[in-house]
Amino acid sequence: MDSPQQSKANLNREPKRSQNQSSTPPQKDAYARLLSQHRSSKFSSYLEQYAKDSSIQREGNWPNPLLKAQSDRLNTPQQKRDQVFYDFSDSSDFSPSSMKSRGEESSQSMYMEKLSIRNAQQDCERQQGVCDRQRRGQRRDTTTSHDGDIESGEELGSLKPNEVKKQQKQQRRFKDSNKDGTSKETDSFVGHPQSPKKASPSGQEQDKMKKSKKKMLHQEEEKNREGMSKMTLADAQMSRPKSPHSKEKRQQQSQASSANSPADKNKNKGGRGQKKQVFEPYMTTEDVSHGLKRGELIQGQIRINPKKYHEAFIPSPDDTRDIFLDGIVARNRALNGDVVVVQILPQEQWKVVRSDTDCEGASESETQKEHIMQRAQKKRERAPSPDVIVEDQCSDQEELISKQKNITLMDTGGPLEEAPAPRSNGEILQKTAKVVYIVEKKHSRAATGFLKFLPDKPFAMFSPVDHRVPRINVPLRDCPEDFRSRSGDYTNTLFICRITNWAADSNFAEGQLAKTLGQAGEIEPETEGILTEYDVDFSDFSNEVLDCLPKNLPWTIPPEEMRKRRDLRTECIFTIDPATARDLDDALSCKQLPDGNFEVGVHIADVSYFVEQDNALDAVASQRATSVYMVQKVIPMLPRLLCEELCSLNPLTDRLTFSVIWKITPEGKILSEWFGRTVIRSCVKLSYDHAQSMIEAPEKLFSAEELPPVDPMHPIDEIHQAVLNLHSIAKNLRAQRFSGGALRLDQIKLSFTLDKETMMPQGCYVYQYRDSNKLVEEFMLLANMATASHIYRKFPELALLRRHPPPKTKMVDELQELCDQLGIDIDLSSAGALHKSLNTTLGDDEYTSARKEVLTHMCSRPMQMALYFCTGVLKQEQFFKHYALNVPLYTHFTSPIRRYADIIVHRLLASSLNCGPRLGLSTEEVEKQASHCNDKKTVSKRVQELSSELFFGVFVKVISIFTLVEVQLKADGAPMKYSALLKRPEDGMS
């Protein structure tokens, strides 16, 4: 064995020798560097002897006398030497210093084990598109089976039996051919899996070997696609927890690591007695905190691509391209929506993409030696994005503020460079990362899916419908009683399963069945599955909550409360809502003054009167945070007694309200403003259709039969004139907003007509947004903006406001480039410029509306979600702005029946007016509630979309209106421009 001094000498001689060697391309990994440091006859002879003994040991499972002698000489237990191997199994650095610290003999033992693994990897490296992380020794990419399940590859250390025999044969051939003991032959052996006697084999032999290896890979993939191979089942079984305590589990893993008997090796196909960890252990809380403060780690909410579940992203703090997480291992058991902490990988592991929408670029490993170009100057200066504050849902607010003030991206070794500019071929580098800690598990850990019976196993395999959730091992005791004997009866049955554990050494999670839903494709089972999966609380309200409601029904306003409020019951006040609405939380009034101006009022249900701070009702409302509107029903935030009775501004009934009343000119200029608690009596419940009819027929005299019941104190003509006056003022307010730089992107919304008995869809239509909708919207916006200014002025540290960050810079730039290429003249420099472009530059022909709809959808993609926040946490006022409305301050005040954020705003407003108690929340508590409202708002929107998709799918299936439509494409003469002609099926076709 060479001494360290001899190793250094060999290292010094290496550059001269390598000039004459051209048979092997330069290696980029640590193993070739190790070999280059030990090219000596003694090392070659050692490899020869080790290969021989290792081959004998593998074939007969006999103890290795050489290793035994070394172990005796070093007085090192076998368990410890095995542990050394695992400590370095994923290391990317194999320096001589690290070898010295652990003993040269044990390092070479480790190296030979690595060598056998690398030979199997050569096949993968020849496949086109193999990613860089495979070449670094990690497990191969997961694949999707035909039912969307996650098919996980085994760790690379577990070779197939035929691969082991092949390596043994190659090692024996190496021994026979290596009589000279030259380092050249040793180098050839390391560089190629074939025999070193034929360093440059013929083309036929190469083809033959390639075909053989491809065949082996193909067989391996076939086993993966079957879903439950013996190895996979064994792995799944091993992943089951042996103890509910993590400490006991670690002790068992340590015991498994020390096992070194032949029987243990046979059980574990890798032959090393311990199952390799699939996922890295999480960092400690202390390390994460220090890493975030130093800028070495990044916190954000993970988004997993629903169509390509191996792709995940978190937003970049510097508002550049999202950070990419490649594969399930990089996600480290985090699920969609979780708040995670990630560590940026070294730059040579970053991903090459051609555009922001292209996430399938080649691996950076092919070009890691190229010089990275410096980042190009940005096209224009933009305000820094405030995403970090809101996207990083961290409990430590001070840490969030420090991150906002000083954002730096660092890898494991030091600060990262700026994101590189596009290369000459248009490719761009995208940063990659791995999850090192889960701050908050926002995913419900529940999923809908199907059960598969596994013969001779104590568990069944649960396959989620959502491919972003892993497959789950479910104990048979949780399955239906007859599932074992009649598993085929449950092929199309939907179940709900909750993940209870996901061990670091398993590709599969463990879980328990929560409920059997019913047949897949039916509305009620699918709806319940959606609600459960997104953690929407649709349970009945508890008796403790209901006890917080008034007991004496029918309820009347107490006289002492009446004396505290302004009495508006004689005013002409009415509601305008959808025809089916039952929770009426806003009303309008408009009275012309003698001077020609108007007194306009917005009256909102005073929910905070009934929902007192810190009682059981308040707790459940804050947890639900919002009502969830589905196609066929509503999941209310509050008990129906409040939603539909006591708080709802039903007609001809005295109700408690919070009012904003302005004195306003016909042109929409506000002269004065008043806030206060009031009592109203709505004179009529108008639908949007009723109001629209009044707007479209200003001279018509409406009869009582054409409208809902009306209070006799207010003639129909008075109500009609009030609607017309509100419409006139609203048009002026709207024009002022858009001339001031506001933006509205009208997205198409699908609505359904339902059978009243079965609630099955009978038809669908596009919801029309008309002048009556715009009238109500305009005054709700005015009330929200006025309330935001008022509470921020009174409570600058506690105000709960709503902001809308500007769109993502990179996505806006790319959209601008696309529009320029298509010849579309559009200005994306500001909200107002975009709104003007969408309404003035799209032509005036039969396709104008279609072009506008498509472009509106494209422009909505770069937009970010509006977010609640506490002003005491986000100090910089420039970040308070609402991008789409183009106003400095905005909040939600007008829908307290269905939004908890509005209840907090009502409490702040009442406290500011000395007509209510002070808000019993700190700045941090308000911010925490704001964050929770953001999450629930996002969930509510997604559930609503899924409900609409479900009903549309059922409608298409039942009606079958699209089954016989034929599409023909016709060329227009110009390349890549086509029109589609839809042909209806001929009569008599079936």
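Provided above is the structure to which this section pertains.
Residues numbered from 1 in each chain as written. Predicted model: local features only at pLDDT ≥ 70, side-chain atom pairs only at ≥ 80, totals over all residues. Heavy atoms only, no water.

Asks: I'd love a proper account of the nonpolar core, names of residues and values included.
Replies: Within soluble globular proteins, side chains that are nonpolar generally end up buried alongside one another. Within the largest apolar cluster, 98 residues are counted, with the highest numbers of intra-cluster contacts made by F574 and F779. Considering each element in turn, this core owes the most residues, 10 residues, to helix α26 (residues 771-794). Contacts of F779, omitting those with residues within four sequence positions, involve L588, V600, V602, W662, L726, I729, A730 and L733. Listed in part, the 22 residues of the second largest apolar core include V278, A460, F483 and F495. (Core = buried A, V, L, I, M, F, W, Y, C linked by side-chain atoms within 4.5 Å. Buried < 20%, exposed > 50% of the residue type's maximum accessible area, 1.4 Å probe, protein only. Helix = DSSP H or I, 4+ residues; strand = E, 2+ residues; numbered from the N terminus. Contact = heavy atoms within 4.5 Å.)

Asks: Explain the side chain of T532 residue by residue, including any values.
Replies: Along the polypeptide, T532 turns up in helix α19 (residues 523-533). Owing to a relative accessible area of 11%, T532 belongs among the buried residues under this scheme. Apart from the residues lying within four places of it in its own chain, the contact partners of T532 are S444, A446, I496, R498 and F538.

Asks: Outline the sheet that holds strand β11 (residues 446-452), listing residues and values.
Replies: Sheet architecture is closed into a barrel: 5 strands sit in the order β11-β12-β13-β15-β14, paired in mixed fashion. With direction set aside, neighbouring strand axes in the sheet form an average angle of 50°. Pairing between strand β13 (residues 472-475) and strand β15 (residues 509-519): 2 bridges, direction parallel. When the bridges of β15 are listed, I472 appears paired with A509. The strands touched by α19 within the sheet are β11, β14 (493-501) and β15, with β15 carrying the most contacts at an inclination of about 150°. (Pairing = 2+ DSSP bridges. Axes fitted to C-alpha atoms, helices over the stretch in contact; angles between N-to-C directions.)

Asks: Provide a residue-level description of the pattern of salt bridges, including the pertinent values.
Replies: All chains considered together, the criterion is met by 35 salt bridges. Between E644 and R582 there is a salt bridge, with its nearest N and O atoms 3.9 Å apart. Remark: R582 occurs in the loop between β17 (573-577) and β18 (586-592) and E644 occurs in helix α23 (residues 640-646); sequence separation between them is 62 residues. One salt bridge connects R681 with D654, and the closest N-O pair in it is separated by 3.4 Å. A residue pair is termed long-range when its members are at least 10 positions apart, and R681 in strand β23 (residues 670-681) and D654 in strand β22 (residues 654-664) qualify at 27 residues. Exposure remark for R681: the relative accessible area of 28% places this residue in the partly exposed category. Given the relative accessible area of 24%, D654 is considered partly exposed. Members of the salt-bridge network, linked through shared partners, are R734, R737, R744, D746, E777 and E778. (Salt bridge = Lys/Arg side-chain N within 4 Å of Asp/Glu carboxyl O.)

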